[in-house]
Amino acid sequence: KDDKSDKEGEGEGEQKAGATYIDPKMRKSTDFTSWLAEEDTKQKLEGKTVMMFCTGGIRCERASAYLNSQIGNKVNGVF
């Protein structure tokens with residue numbers, strides 16, 4: 001089985017079962033605000049339902065709340 005979406009750094013923009021994988025390529029959680037502020041990021045997320053997969057903890061909760069506060073009106077939901 002050759003599933004590129006399982007390999008780190010590969011599969012960006014690849015669609016599987018109706019979903020598009022977007023890798024913010026962050027090394028630390030404080031990079032999230034600048035990544036989200038990029039126009040390219042906003043265009044990729046606009047009109048989409050956003051599913052965030054994190055390692056858990058308060059940083060994940062804060063990141064999803066921040067995304068919702070910044071562009072929540074332009075996406076179909078943040079989960």
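Anything mentioned here points back to the structure above.
Right, let's walk through the structure included here. (Residues numbered from 1 in each chain as written. Predicted model: local features only at pLDDT ≥ 70, side-chain atom pairs only at ≥ 80, totals over all residues. Heavy atoms only, no water.)

## Examining the packing of aromatic side chains
Worth spelling out the cut-off: Put simply, two rings from Phe, Tyr or Trp (the six-membered ring, in Trp's case) pair if the centres are within 6.5 Å, and we call them stacked under 30 degrees between planes, edge-to-face over 60, tilted for the rest. We count a stretch as a helix when DSSP gives it H or I for four or more residues in a row; a strand needs E for two or more, and each element gets its number in order from the N terminus. Throughout this description, buried means an accessible area under 20% of the type-specific maximum (1.4 Å probe, protein chains only), exposed means over 50%, and partly exposed covers the range between.
Evaluation of the coordinates by the stated rule reveals 2 aromatic pairs. Look at phenylalanine 32 and tryptophan 35: their rings are 5.7 Å apart centre to centre, the planes differ by 40°, and that puts the pair in the tilted class. Within this pair, phenylalanine 32 and its partner tryptophan 35 are both found in helix α1 (residues 32-37), separated by 3 residues, close to a single helical turn. Each member of the pair, phenylalanine 32 together with tryptophan 35, is buried. Taking the centre distance of 6.4 Å and the plane angle of 70° together, the rings of phenylalanine 32 and tyrosine 66 count as edge-to-face. In this pair, phenylalanine 32 is assigned in helix α1 and tyrosine 66 in helix α3 (residues 58-71), connecting sequence segments 34 residues apart.

## Some remarks on the nonpolar core
Note the following rule: Remark: nonpolar core denotes a set of buried residues (Ala, Val, Leu, Ile, Met, Phe, Trp, Tyr, Cys) joined through side-chain atoms within 4.5 Å. Any pair of residues with heavy atoms lying within 4.5 Å of one another is described as a contacting pair.
Counting 11 residues, the largest nonpolar core consists of Phe32, Trp35, Leu36, Leu45, Val50, Met52, Ala63, Leu67, Ile71, Val75 and Val78. Sorting the residues of this core by element identifies α1 and α3 as the ones contributing at least two each. With near-sequence residues (within four places) excluded, phenylalanine 32 lies in contact with Met26, Met52, Ala63, Tyr66 and Leu67.

## What about the side chain of aspartate 23?
The condition is simple: The sign given to each residue is positive for Lys and Arg and negative for Asp and Glu; His and the chain ends receive no count. What makes a salt bridge here is a side-chain nitrogen of Lys or Arg within 4 Å of a carboxyl oxygen of Asp or Glu, nothing more. Side-chain atoms alone can form a polar contact between residues adjacent in sequence; in general such a contact is a pair of N or O atoms within 3.5 Å, and within protein one must be able to donate a hydrogen while the other accepts it.
Structurally, aspartate 23 can be placed in the loop between β2 (19-20) and α1. An unpaired buried charge is present at aspartate 23: no salt bridge exists, and lysine 25, the closest side chain of opposite charge, is 4.6 Å distant. There is a polar contact of 2.8 Å between the side chain of aspartate 23 and the backbone nitrogen of lysine 25.

## Some words on the environment of glycine 77
Note on placement: glycine 77 falls in the segment after α3. Residue classification places glycine 77 among the buried residues on the basis of a relative accessible area of 17%. Glycine 77 sits 26 residues away from methionine 51 along the chain, and the two C-alpha atoms are 8.4 Å apart. Not counting chain neighbours up to four residues away, the residues in contact with glycine 77 comprise Lys48, Thr49 and Val50.

## Looking at unusual backbone geometry
Here the phi dihedral of lysine 25 falls at roughly 50°; this positive angle occurs in a residue that is not glycine. Take lysine 25: it is sitting in the loop between β2 and α1.

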